[in-house]
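The lines below spell out each chain.
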Amino acid sequence: MRFFHALKRGSKSLFRQQSWQIYSCILLIMTVLFVALYNNVHLQTYAIEKFSSAQETIRSPITIENTKETERRLREAIQSVEDHYEVSQEVAEEQITYINELFEAIHKIESGDIETEDEELELDDISDKINYLEALVNADLFQQIGREDLVTLFEAPENSRMLAKELLTTALYDVYYDGVKRDDVEQAMETVQQKLNYSTLPDDLVAALQPLSAFGVQPNSFFSLDETNQAQQQARSAVEPVVIRAGEVIAEEGQLITNEIYEELELTGLLNEQKSFYPIIGLLLFVILNGIFLLLLIRNSVHQQQVTGRQLAALLVLTTFLMIMMKVISFYATTVNPLYWLTPIASVSMLIKILINEKYALTMAMLYSVIGSIIFNGNIPGNLNIEAGTYLLFSQLASIYCLKLMKDRTAIIRSGFAIALINVMVICFFIFLSFEKYNWMDYLLFGGYGICSAIIATVLTIGMLPFFETGLGLLSDTKLLSLSSPNHPLLRKLLMEAPGTYHHSIMVANLSEASCEAIGANGLLARVASYYHDLGKTLRPHYFIENQMGAKNPHDYLDPYQSAEIILAHPKDGADLLKEEKIPKEIIDVAYQHHGTTLLKYFYYKAKEQNDQVEEADFRYDGPRPQSKEAAVISICDSVEAAVRSLDHPDQESIEKIVSSIFKDRLLDDQLSESTLTFKDLEKIRLVIDETLKGMYHSRIQYPTDKEDTEDGD
């Protein structure tokens, strides 16, 4: 419980120390986001009057229906629909039948083929014929024709009369076919009469037919309300709503502002008196949401000692750099020439992964993609360029997942090839998916954008990495790998002047790396820091038992206080040597902290044998206690390796016993309270150390000596 409460106190103290860094970083990032996105959501308005000239090309910021124009087009469509009429063929048949009956009656009278009750009836006189005809034909038709016209018809030759009948009925059928409206009756009669006039009939017969054509032409086309309404409804349905699209040009530069253009400006909210602050409020909400999300992420990382203030500064610098880069590219990007495909956003993702960790890289990749879809929206408020956002997201994901083991800087180059491939694939996806037609030059140009983006991202990553490592003192994997080289001057110094310590450091490095990887800490940092943690022993190498190589122990001739002074000084000596060589702070901290404030028990008890009044503080290391998980793990592994190495015949049981005793001693001495290690972490570390040491000190075959061989031969 004592350790647990101390652990909590240490974590809270550490978080309070870094709180100002967290809040400062988040506030600055929020400020950068707001400034970068302001122009993309801010609705620019214009002080324009009717019948003035536009000072610049004005585009619609939104997609909206122009209801007034839509209604006008609907009215025009309805008005353009002609009245629909229903043609009645019964009228035509009825009128033509009456005319046919007239000619048949005349034919019967003339031929004498008349059946009457009065057999003595004789129709020799034309007047009798006409009188008798009146009883045979339609009364209205008979009244329409004058007696002179009837006389002409009776006196006409039979063939002329039959021809007249055919011509008249045919002409009537023709005009009735398309329908005769009430207003078109006179025109229809003229049409029939003209056909008769141009026939071969005698003029007197043509004149006699005129009353018949007048009788035969009657209206047979009547207004249909149902059909007219149906036609109007179809016309309404065919009218598309008039929509002003986002980005559509409302007025060209220098164009006269007519009433229609002014109405469109008013409708889209582009006039000064209609200025809206809603987009700015929306942007503030977006920035605040990102700030809250980053706060939760960073607080958790700082609490677990996964991120430092310098890494947060790098995150701020990279975010600012990316915002500037995307804003500059957006000034030249158009729908015809999508230059956002050139954005080397993958460089920022790779740098965040290298300088911080993969979790931050993935989180910021999603955030940057959304921001990119806003920045590349063509300055149309409320519009998101989903194509740009998707492309930027895939480009970043390719850089993060393809940048795996950082054994050297060529890993960045290999990642660049993968980024180029993914970029081209995403670009082709959008090209093939669109309905626009592209030629081969377009494919080459846009594919070239994706390849150039990957090349620029690779160059920027390699070029900018040293500036972050040097300027902000950040420790990246590439820096750690360079420090782990056996040819490094300090490691060569350790090997040449303190070979036993060098071997000890290698063993500690193996244990520490495996332990850190088991608990999710930085295994590479633990390995490299272990190489340098005992560098201070190179100043007095023979005072440390691993370097004596069977020689006499100088401590046998020294006072316990003198011996303790020499031993207790080596953490500070090592840190001073590392500072002189400008080794990263994380490694210097491990050199300071790897013994914490532990007690140098051997010389303490030796001094106590000489004097009971010995002060324990005189035999404790100056510390501080381990502040990070890596430092705490190295502290444990350092003691464990030294203790196990001191055993004459280490076996599994003795290894487990001594490892457990060291863990117990560290807990009781309160040496791990400031490292944020949990009991679960400690158990994992203990198991890993046990397994690793058992592998190192496994049983070996006892080979016979030369003497034994000789005796066996005898």
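Residues numbered from 1 in each chain as written. Predicted model: local features only at pLDDT ≥ 70, side-chain atom pairs only at ≥ 80, totals over all residues. Heavy atoms only, no water.

## Here we look at the overall build of the chain
Looking only at helices and strands, the chain features 29 helices and 6 strands. With the principal axes as the frame, the chain shows a C-alpha extent of 180 × 80 × 50 Å. The 714 residues of the chain split such that 47% are buried. Charged side chains of the chain number 59 positive and 99 negative; the gap between the two group centres comes to 25 Å. (Helix = DSSP H or I, 4+ residues; strand = E, 2+ residues; numbered from the N terminus. Buried < 20%, exposed > 50% of the residue type's maximum accessible area, 1.4 Å probe, protein only. Lys, Arg positive; Asp, Glu negative; His and termini not counted. Charge placed at Lys NZ, Arg CZ, Asp CG, Glu CD.)

## So, the packing of helix α13 (residues 309-330) against helix α18 (residues 440-471)
Axes are the key here: two packed helices are described by the angle between their axes and the distance separating the axes. Across the interface, α13 lies against α18 with an axial gap of 12 Å and an inter-helix angle of 140°. For the element pair α13 and α18, the recorded crossing hand is right-handed. On the side of α13, the interface is formed by Ala-314, Val-317, Leu-318 and Phe-321, while α18 contributes Leu-460, Met-464 and Phe-468. Looking at the contact of α13 with α18 residue by residue, the class counts come to 7 nonpolar, no polar and no charged. (Axes fitted to C-alpha atoms, helices over the stretch in contact; angles between N-to-C directions. Left-handed = near helix turned anticlockwise from the far one by under 90°. Contact = heavy atoms within 4.5 Å. Nonpolar A, V, L, I, M, F, W, Y, C, P; charged D, E, K, R; others polar.)

## Remarks on the side chain of Ser-505
Relative to the assigned elements, Ser-505 resides in helix α21 (residues 499-519). The residues touching Ser-505, leaving out its near neighbours within four places in the chain, are Leu-494, Ser-530, Tyr-531, His-533 and Asp-534.

## Regarding the pattern of salt bridges
Counted under the stated rule, the structure contains 26 salt bridges. In this structure, Glu-69 engages Arg-72 in a salt bridge whose closest nitrogen and oxygen atoms are separated by 2.3 Å. With Glu-69 and Arg-72 both in helix α2 (residues 67-79), this residue pair falls 3 residues apart, about one helical turn. In this structure Arg-72 comes out as partly exposed when scored by relative accessible area, which is 30%. A salt bridge links Glu-76 to Arg-72, with the shortest nitrogen-to-oxygen separation between them at 2.3 Å. Taken as a pair, Glu-76 and Arg-72 lie in helix α2 at a separation of 4 residues, close to a single helical turn. Here the salt bridges do not stand alone but share partners, grouping Glu-69, Arg-72, Arg-73 and Glu-76 into one network. (Salt bridge = Lys/Arg side-chain N within 4 Å of Asp/Glu carboxyl O.)

## Observations concerning the packing of helix α16 (residues 386-402) against helix α17 (residues 410-433)
Where α16 contacts α17, the two axes come as close as 9 Å, and the packing angle between them is 155°. Here α17 runs roughly antiparallel to α16, going by the angle between their axes. Every pair of crossing elements has a handedness; the one defined by α16 and α17 is right-handed. Within the contact between the two elements, α16 uses Glu-387, Thr-390, Tyr-391, Phe-394, Ser-395, Ala-398, Ser-399 and Cys-402 and α17 uses Ser-415, Ala-418, Ile-419, Ile-422, Asn-423, Val-426, Ile-427 and Phe-430. Here the residues of the contact of α16 with α17 are counted per class, giving 10 nonpolar, 5 polar and 1 charged. (Parallel < 35°, antiparallel > 145°, perpendicular 65-115°, else oblique.)

## Topic: unusual backbone geometry
The amide bond that connects Gly-623 to the next residue, Pro-624, takes the cis arrangement and shows omega of 5°. As for its placement among the helices and strands, Pro-624 is situated in the loop between α25 (601-610) and α26 (629-645). A positive phi angle, close to 65°, is found at Thr-676, a residue other than glycine. Looking at where Thr-676 falls in the secondary structure, it is placed in the loop between α27 (652-668) and α28 (679-696). Judged by relative accessible area, Thr-676 falls into the buried class, the value being 10%.

## A short note on the packing of aromatic side chains
Inspection of the entire model under this criterion finds 14 aromatic pairs. Seen from their ring centres, Trp-341 and Phe-446 are 5.2 Å apart, and the 75° between their planes marks the pair as edge-to-face. Placement of Trp-341 in the loop between α13 and α14 (346-355) and of Phe-446 in helix α18 is noted, with a sequence separation of 105 residues between them. Each of the two residues, Trp-341 as well as Phe-446, counts as buried. (Phe/Tyr/Trp six-rings, centres within 6.5 Å; stacked < 30°, edge-to-face > 60°.)

## Points about the state of the cysteines
Summed over all chains, the structure comprises 0 disulfides. The thiol of Cys-516 is unpaired, and the distance to the nearest cysteine sulfur, on Cys-637, comes to 7.4 Å. (Disulfide = S-S within 2.5 Å.)

## Brief notes about the environment of Asp-178
Checked against the element boundaries, Asp-178 lands in the loop between α7 (158-177) and α8 (185-197). For the pair formed by Asp-178 and Val-87, sequence separation is 91 residues and the distance between their alpha carbons is 7.5 Å.

## Things to note about α25
Among the residues of α25, those classed as buried are Phe-603, Tyr-604 and Ala-607. The arc that holds the buried residues of α25, viewed along the axis, is 105°, so those residues lie on one side. Every exposed residue of α25 that faces more than 90 degrees away from the buried side is listed here: Tyr-602 and Glu-609. Buried residues along α25 sit in contact with α23 (560-580). (Arc of directions from axis to C-beta.)

## Considering the nonpolar core
Residues Met-323, Trp-341, Ile-352, Tyr-368 and Ile-371 are the most contacted members of the largest nonpolar core, which totals 71 residues. Those elements giving two or more residues to this core turn out to be α1 (2-41), α12 (278-303), α13, α14, α15 (358-375), α16, α17 and α18. Not counting chain neighbours up to four residues away, the residues in contact with Ile-352 comprise Leu-315, Leu-318, Asn-357, Tyr-360, Ala-361, Met-364 and Tyr-368. Ala-498, Ile-655, Ile-662 and Phe-663 belong to the second largest nonpolar core, which has 52 residues in total. (Core = buried A, V, L, I, M, F, W, Y, C linked by side-chain atoms within 4.5 Å.)

## Regarding the environment of Leu-480
Residue placement: Leu-480 occurs in helix α19 (residues 477-483). Classification of Leu-480 as buried rests on a relative accessible area of 0%. The spatial distance from the C-alpha of Leu-480 to the C-alpha of Pro-61 is 51 Å, given a sequence separation of 419 residues. Apart from residues no more than four positions distant in its own chain, Leu-480 is found in contact with Leu-475, Leu-524, Leu-525, Val-528 and Ile-587.

## Remarks on the environment of Leu-141
Take Leu-141: it is sitting in helix α5 (residues 139-144). The spacing of Leu-141 and Pro-211 is 70 residues in sequence and 8.8 Å in space, taken between C-alpha atoms. Each residue touching Leu-141, except ones within four places of it in the same chain, is listed here: Tyr-98, Ile-99, Leu-102, Leu-212 and Phe-215.

## Notes on the side chain of Asn-40
You can see Asn-40 is positioned in helix α1. Since its relative accessible area comes to 0%, Asn-40 is described here as buried. Here Lys-327 takes part through its side chain, which lies 2.9 Å from a polar atom of the side chain of Asn-40. Within the local environment of Asn-40, its side chain forms a polar contact with the backbone oxygen of Ile-375, the two atoms lying 2.8 Å apart. (Polar contact = N/O pair within 3.5 Å; in protein donor to acceptor, adjacent residues only side chain to side chain.)

## Points about a nonpolar patch on the surface
Taken together, Phe-277, Tyr-278, Ile-281 and Leu-285 make up a surface patch of nonpolar side chains, about 500 Å² in accessible area. Along the chain, the position of Tyr-278 falls in helix α12. Exposure remark for Tyr-278: the relative accessible area of 67% places this residue in the exposed category. (Patch = residues over 30% accessible without salt bridge, like charges linked within 9 Å, V, L, I, M, F, W, Y side chains within 5 Å. Areas by Shrake-Rupley, 256 points an atom, 1.4 Å probe, with all protein chains shown as cover.)

## Remarks on the confidence of the model for the chain
For the chain, per-residue confidence averages 84 on the pLDDT scale, and 90% of positions sit at 70 or higher. The low-confidence segment residues 1-15 (pLDDT under 50) makes 24 contacts with residues lying over four places distant or belonging to another chain. This model gives residues 707-714 a pLDDT under 50, and the stretch forms 1 contact once residues within four places in sequence are excluded. (pLDDT = per-residue confidence, 0-100.)

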